[in-house]
Amino acid sequence: INGGGIFGLRSDFKLISSIVKENLIAGNHTRGGAIYLEDSNPNIEKVQVTNNIAGGGGLGAGIYLNNTQIRLNRLTLSGNISLLDGGGLYMSIANNVEIENSIIIDNHPNEVSSYQIDHDFTISYSDISQSESELNDFIIQLNWLEGNINSDPLFINPDNGDFRLHYGSPCIDSGDPQSDLDPDGSPADMGAIFYDH
């Protein structure tokens with residue numbers, strides 16, 4: 001019913017350098033096409049969550065959160081489809097979310113959505129195709145920090161599952177300058193897959 005790829009309940013797991021893709025949940029009251037988290041405190045870093053589906057009455061095709069504290073660093077959240085709400089990220093009740101160096105784009109019907117407004121949501125140095133004012137409509141505590149952009153990340157071939165960054169992407173070297181360098185010694189990129197100079 002919940003969590004087509006990963007189900008976490010009262011869990012403090014770490015998910016690093018991973019891909020969660022092409023999972024499907026369908027039916028009424030289903031939650032979390034790729035990842036479902038409740039009463040949890042995970043750390044997700046360098047993870048690609050792409051092309052997952054929450055069909056029927058499903059919510060949160062990419063990630064569904066309920067009463068969860070989560071840090072998402074160098075996340076690529078794209079191509080996820082929910083027929084109801086929360087294509088990329090759906091927040092139910094009382095979540096604390098920190099997003100950095102990430103790409104959240106081309107999720108349908110929206111990138112981020114929520115059931116209630118009692119969330120603490122911080123985003124910085126990320127490419128998100130949802131504006132600060134749009135997020136303000138349903139999040140009480142929105143911390144829109146430096147470095148956010150709303151641009152085409154220039155994925156190489158997202159239709160065929162290739163979410164690497166093409167040369168000239170605005171996400172290259174545009175992450176938090178205080179973050180660890182990419183493996184090639186260049187400044188941090190946005191997204192799960194760094195561009196190798």
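Described in the following lines is the structure provided in the data block. Here the structure is a predicted model, which is why all the values come from computation and not from measurement. (Residues numbered from 1 in each chain as written. Predicted model: local features only at pLDDT ≥ 70, side-chain atom pairs only at ≥ 80, totals over all residues. Heavy atoms only, no water.)

## A word on the packing of aromatic side chains
All chains considered together, the criterion is met by 4 aromatic pairs. With 5.2 Å between their ring centres and 5 degrees between their planes, Y36 and Y64 make a pair best called stacked. Of this pair, Y36 sits in strand 4 (residues 35-38) while Y64 sits in strand 7 (residues 63-66), and the two are 28 residues apart along the sequence. Each ring, one from Y64 and one from Y90, has its centre 5.6 Å from the other, and the planes form 10 degrees; the classification is stacked. With a gap of 26 residues between them, Y64 in strand 7 and Y90 in strand 10 (residues 89-91) connect regions that are remote in the sequence. Across the pair, Y90 and Y64 agree in class, each one buried. Grouped by ring-pair contacts, the aromatic residues F7, Y36, Y64 and Y90 constitute a single cluster. (Phe/Tyr/Trp six-rings, centres within 6.5 Å; stacked < 30°, edge-to-face > 60°. Helix = DSSP H or I, 4+ residues; strand = E, 2+ residues; numbered from the N terminus. Buried < 20%, exposed > 50% of the residue type's maximum accessible area, 1.4 Å probe, protein only.)

## So, the sheet that holds strand 10
Within a sheet, neighbouring strands are paired by backbone hydrogen bonds and run either parallel or antiparallel to one another. As summarised here, the arrangement of the 5 strands in space is 1-4-7-10-13, forming an open sheet in which the pairing is parallel. Of all strands in the sheet, those with a lone pairing partner are strand 1 (6-9) and strand 13 (112-114), marking the two edges. Taking each pair of neighbouring strands and ignoring which way they run, the sheet shows an average axis angle of 10 degrees. Where strand 4 and strand 7 come together, 4 bridges link them in parallel fashion. (Pairing = 2+ DSSP bridges. Axes fitted to C-alpha atoms, helices over the stretch in contact; angles between N-to-C directions.)

## Section: the sheet that holds strand 6 (residues 53-54)
Taking strand neighbours across the sheet as the criterion, the 3 strands line up as 3-6-9 in an open arrangement whose pairing is parallel. Each of the sheet's edge strands pairs with one partner strand only, and the pair in question is strand 3 (24-25) and strand 9 (81-82). Note that strand 6 and strand 9 share 2 bridges and pair parallel. What sits directly across from I53, in strand 9, is I81.

## Section: the side chain of E45
Within the fold, E45 resides in strand 5 (residues 43-50). Of the side chains with opposite charge, K46 comes closest to the buried, unpaired E45, at an N-O distance of 4.7 Å. Excluding residues within four positions of it along the chain, E45 makes contact with L15, I16, S17 and N73. (Lys, Arg positive; Asp, Glu negative; His and termini not counted. Salt bridge = Lys/Arg side-chain N within 4 Å of Asp/Glu carboxyl O. Contact = heavy atoms within 4.5 Å.)

## Section: the pairing of strand 18 (residues 162-165)
As paired strands, strand 17 (residues 155-157) and strand 18 are joined by 2 bridges and run antiparallel to one another. Bridged to F155 within strand 18 is L165. Linkage of strand 17 to strand 18, two consecutive antiparallel strands, is achieved through a turn of 4 residues, within which G161 is found at a positive phi near 80 degrees.

Function-wise, these values are silent; they only describe arrangement.
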